[in-house]
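These are the residues of each chain, in order.
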Amino acid sequence: MNNLKSHTILEEADDMLDMAKEELCRPEEDVVHYNVCKHAYKAIEKYMTGYLLQNGVHIQQSNHIKDLLNQCRALDSKFNQLNYDPVISAEDPEKLMMNMHTAKTFIFLAEKTRDHVGQK
């Protein structure tokens, strides 16, 4: 059951990352940075959730990325290699400035998270 559920969640994460990247294909002045960040954030959240489920960790519905990240780091130190502070700051949108740099940072973190959890 967990394998099917984790597989589904990881596929959803891939879809969210694709949506974030598609938004960046627009002319720069038309890119909605918020949409890129929102989709990449959800992708990271889903990659971490799928990874934890694959490893038999019970996930609470109310987990924030910070909690998911701590659980992932407890399983594998490779999650310590990236600075997830920009994504964690997204939990308090007033601390986050939405611009092209932030959007690209979120995409980068989503792609690296995908790599960490073994998605292609």
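Here, the structure is the one placed above.
Calculation notes
Residues numbered from 1 in each chain as written. Predicted model: local features only at pLDDT ≥ 70, side-chain atom pairs only at ≥ 80, totals over all residues. Heavy atoms only, no water. Phe/Tyr/Trp six-rings, centres within 6.5 Å; stacked < 30°, edge-to-face > 60°. Helix = DSSP H or I, 4+ residues; strand = E, 2+ residues; numbered from the N terminus. Buried < 20%, exposed > 50% of the residue type's maximum accessible area, 1.4 Å probe, protein only. Arc of directions from axis to C-beta. Contact = heavy atoms within 4.5 Å. Polar contact = N/O pair within 3.5 Å; in protein donor to acceptor, adjacent residues only side chain to side chain. Core = buried A, V, L, I, M, F, W, Y, C linked by side-chain atoms within 4.5 Å. Patch = residues over 30% accessible without salt bridge, like charges linked within 9 Å, V, L, I, M, F, W, Y side chains within 5 Å. Areas by Shrake-Rupley, 256 points an atom, 1.4 Å probe, with all protein chains shown as cover. Salt bridge = Lys/Arg side-chain N within 4 Å of Asp/Glu carboxyl O.

Colleague: Teacher, can you tell me more about the packing of aromatic side chains here?
Modeller: Enumeration over the complete set of coordinates arrives at one aromatic pair. Ring centres 5.1 Å apart and planes at 55° place the aromatic pair Tyr51 and Phe79 in the tilted group. In this pair, Tyr51 sits in helix H2 (residues 33-54) while Phe79 sits in the loop between helix H3 (65-75) and helix H4 (85-89), placing the two residues 28 residues apart along the sequence. Per residue, the accessibility class of Tyr51 equals that of Phe79, and both read buried.

Colleague: Could you clarify how one ought to interpret H3 in this entry?
Modeller: Think of an α-helix as turning once every 3.6 residues; residues three or four places apart then point the same way. Within H3 the residues assigned to the buried category are Ile65, Leu68, Leu69 and Cys72. Within H3, the buried residues cover an arc of 100° as seen down the axis, which keeps them to one side. Packed against the buried residues of H3 are H2 and H4.

Colleague: Got a minute to help me understand the environment of His39 in this structure?
Modeller: With respect to the helices and strands, His39 occurs in helix H2. Owing to a relative accessible area of 14%, His39 belongs among the buried residues under this scheme. It is 5.1 Å that separates the C-alpha atoms of His39 and Met16, two residues lying 23 residues apart in sequence. Ignoring anything within four residues of it in the chain, the contact list for His39 reads Met16, Met19 and Ala20.

Colleague: Any chance you could explain the side chain of Thr113 here in plain terms?
Modeller: Its place among the elements puts Thr113 in helix H5 (residues 100-117). Within the structure, the side chain of Thr113 is placed 2.7 Å from the side chain of Tyr84, a separation counted as a polar contact. Ignoring any residue separated from it by four or fewer positions in sequence, one finds Thr113 in contact with Ile44, Tyr47, Met48, Phe79 and Tyr84.

Colleague: I keep staring at the nonpolar core and nothing clicks. Help me out?
Modeller: Note that soluble globular proteins tend to have their nonpolar side chains buried in a common cluster. Counting 36 residues, the largest nonpolar core has Ile44, Met48 and Tyr84 as its most contacted members. Element by element, the count of residues in this core is highest for H2, at eleven residues. In this view, Tyr84 contacts Ile44, Met48, Leu69, Arg73, Phe79, Leu109, Thr113 and His116; residues no more than four positions away in its chain are not counted.

Colleague: How do you make sense of a nonpolar patch on the surface when you look at a structure like this?
Modeller: Among the surface-exposed residues, Val32, Tyr34 and Met98 lie close enough to one another that they form a single nonpolar patch of about 260 Å² accessible area. A relative accessible area of 36% means that Val32 is categorised as partly exposed.

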